[in-house]
Every structure is written in C-alpha cells, then in structure tokens.
Amino acid sequence: MNRLKLGVPKGSLQEATLELFARAGWKITISSRSYVPTVDDPEIECLLVRAQEMARYVETGALDAGITGHDWVVETGSAVEELAELVYAKQRLSRVRWVLAVQEDSAIREPRDLQGKVIATEIVRITEEYLRRYAVTARVDFSWGATEVKVPQLADAIVEVTETGSSLRANRLRIVDTVLESATVFIMNRAAVADAWKKEKAESLILMLQGAIAAASKVGLILNVRREDLDRVIAILPALKNPTISMLSDPEWVAVNTIVEESVVRQILPKLKAANAQGIVEYPLNKIVL
C-alpha cells in the first residue's frame, strides 16, 4: 500500500495541530511514551518531530511531508517545497513575528544601534542575515530558551517569536523591529512531490486542513422570514457571499441560510429578531472549502 510519511510538529504547535487534524477529519492519537502517533488513515504514517528539525528531515527524504514554520525552513536553509500556508499558531489562527526586542529603557532604537552588541536568539542564521542588511556587526548567540530573561544581563537585545507581544511586555521588553513574519506551512520533499500519488494525497490533506482553518471562527445561521421582511434581514447579514434563500411550503415565507463570523452573532441576532426573523438557529461548522 502507498503511504505518505508525515511529520507532525512536537512542542508548542502539537496540540493546535492535533485539534486541526481532528476538525479536518483525521484522528491522530499520541502515546505519552511514543514518538510514533497512530492515525485513522492507513495511507498516512506519522512521526512526531520538533518543528525546528522538520525541514531537514523532509529535505533528506526521511519524511515525505511535514508541518512546520516558514521560519524554520529559512533558518535551516532546507531545499523543500512549501505547498501551502496553514495560518494557525499555538494560541490563535494567525501568523507570528520574530521581533528584535530590548529592555524598555534601552538606548537601542533602531537596528544600526546594535553595532558591537550581543543578541540572543534561537534563529541565528536569520538574525545574521538581518544584520547584514543594515551593515551591522554584532555577536549573535544561540539561545536554548527563556530568551526574554537574558536582557540586559546576558545580552543587549533578543530576537524572539511572538503572537501577541504579551510575554515581551510582561518581561518589560520593547519591540524595535520585525525581523521576519512567519506562518505554519505544509512542506514536502522534492522527490515526493514528483510522485503523483503522494502529491495528490498531500493536496487532499491540505484542502481539508485549510477548510478546517477557514471554518474555525465561523458559524452557520439559518432562519425563517416573511418575504415582505426579507430585504431588511439580508441588509443585516454579513455573508460569505450572498445568503442562500430557499422556498418554504408557505409561499409567503422563505428560509435564509448563511455563514458569518461567530464574533458578530451576538450583535446581529437581536437585530434579526427585530426585523421579524423567526426560528433562528446557529450551528457550528467543521470545514469551509472555497
């Protein structure tokens, strides 16, 4: 049987990735003592790999495909194919930023102020390339973690990843510049891409994963309304495209079905009721395939 050897990121992205696969239709189960997850698809063979190492194993062919950050593809310089962005992170559905940060009262205000300084980071290669763009010479030290606490005793500045900036603010750090914006990506070995079966399997996975991401923040709304009130109801609805209007057994009434951001339901539902909508039902979505 053909199988796709797929790397699942271990660490900060692990739980978000397992939840995403579950919404997409694949149940991945991980034992606390094993790096070989089980998946309810005989055509997929999974392996838990740190996101920082994923691109190297995909490049060598140890894995056919994997999920990692674009940042780690750049940092390792791995020759892999990035088939698609999967815009989700540890805390929310968003991209992340690697930022240059310093202590709040630091005299460093721009990249050129780093001349002769010490920078701690996990992405040494990317940081060195960033400094070259500004013709700055500085010492870049690899950081094994807890990078935020190294300023100012152990480093003058750090380059650290952030989703919201809350951890940096909690450590009284100030962002000077964005070094790199990154997103989670689905990568594939170049020889595996040339294999028609493996590429088709990977593309099917991507389609379902992107559909699950698209649906994550949305819900469906269905309601009944008299024809004479339909225009008022449609004017309230922010729709993905135009809402679907269906005939009911009573010719004076229609059913309206649409998709909206979950965050706006609490605002529009009272307005829909005031516009004489009835039988309003909100329902969850697993996937939206555009």
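Please refer to the structure placed before this passage.
Residues numbered from 1 in each chain as written. Predicted model: local features only at pLDDT ≥ 70, side-chain atom pairs only at ≥ 80, totals over all residues. Heavy atoms only, no water.

### Notes on the pairing of strand S8 (residues 118–121)
Line of reasoning, step 1. Side chains Val118 and Ala120 project from S8 onto one buried face, and the interleaved Ile119 and Thr121 project onto a second face that is buried too.
Line of reasoning, step 2. In this structure, S8 lies alongside strand S9 (residues 139–142), joined through 4 bridges in parallel fashion. Residue pairing across strands places isoleucine 119 opposite valine 140, the latter belonging to S9.
Line of reasoning, step 3. Pairing of S8 with strand S10 (residues 157–162), which is carried by 3 bridges, proceeds in the parallel orientation. Bridge pairing in S10 links isoleucine 119 to alanine 157. (Buried < 20%, exposed > 50% of the residue type's maximum accessible area, 1.4 Å probe, protein only. Helix = DSSP H or I, 4+ residues; strand = E, 2+ residues; numbered from the N terminus. Pairing = 2+ DSSP bridges.)

### A few points about the pairing of strand S5 (residues 65–69)
Residues in a regular strand point their side chains to alternate faces of the sheet.
Line of reasoning, step 1. With respect to burial, S5 is a largely interior element, 5 of its 5 residues being buried.
Line of reasoning, step 2. Across the two faces of S5 the burial is the same, with Ala65, Ile67 and Gly69 and Gly66 and Thr68 all buried.
Line of reasoning, step 3. Both strand S1 (residues 4–10) and S5 contribute to a ladder of 2 bridges, which runs parallel. Within the sheet, the bridge partner assigned to leucine 6 lies in S5 and is alanine 65.
Line of reasoning, step 4. The sheet contact formed by S5 and strand S12 (residues 184–188) spans 5 bridges and is antiparallel.

### Side note on the sheet that holds strand S14 (residues 244–247)
Line of reasoning, step 1. Taken in spatial order, the 4 strands of this open sheet run S14-S15-S13-S16, and their pairing is antiparallel. Looking along the sheet, the strands with just one partner apiece sit at the ends: S14 and strand S16 (278–284). Taken over all neighbouring pairs, the strand axes of this sheet differ in orientation by 20° on average, direction set aside.
Line of reasoning, step 2. Sheet topology note: the S14/strand S15 (residues 253–261) ladder contains 4 bridges and is antiparallel. Looking across to S15, one finds that threonine 244 is bridged to asparagine 257. (Axes fitted to C-alpha atoms, helices over the stretch in contact; angles between N-to-C directions.)

### Digging into the environment of asparagine 224
Line of reasoning, step 1. Position of asparagine 224 among the secondary structure elements: in strand S13 (residues 218–226).
Line of reasoning, step 2. Distance in space between the C-alpha atoms of asparagine 224 and glutamine 278 is 5.2 Å, their sequence separation being 54 residues.
Line of reasoning, step 3. Contact partners of asparagine 224, with chain neighbours within four places excluded, come to Leu248, Trp253, Val254, Ala255, Asn276, Ala277 and Gln278. (Contact = heavy atoms within 4.5 Å.)

### Describing the sheet that holds strand S7 (residues 96–103)
Line of reasoning, step 1. What the 5 strands build is an open sheet, ordered S9-S8-S10-S7-S11; its pairing is mixed. The sheet is open, and its two edges are formed by S9 and strand S11 (173–182), each paired on a single side. Neighbour-to-neighbour, the strand axes of this sheet turn through a mean angle of 25°, independent of strand direction.

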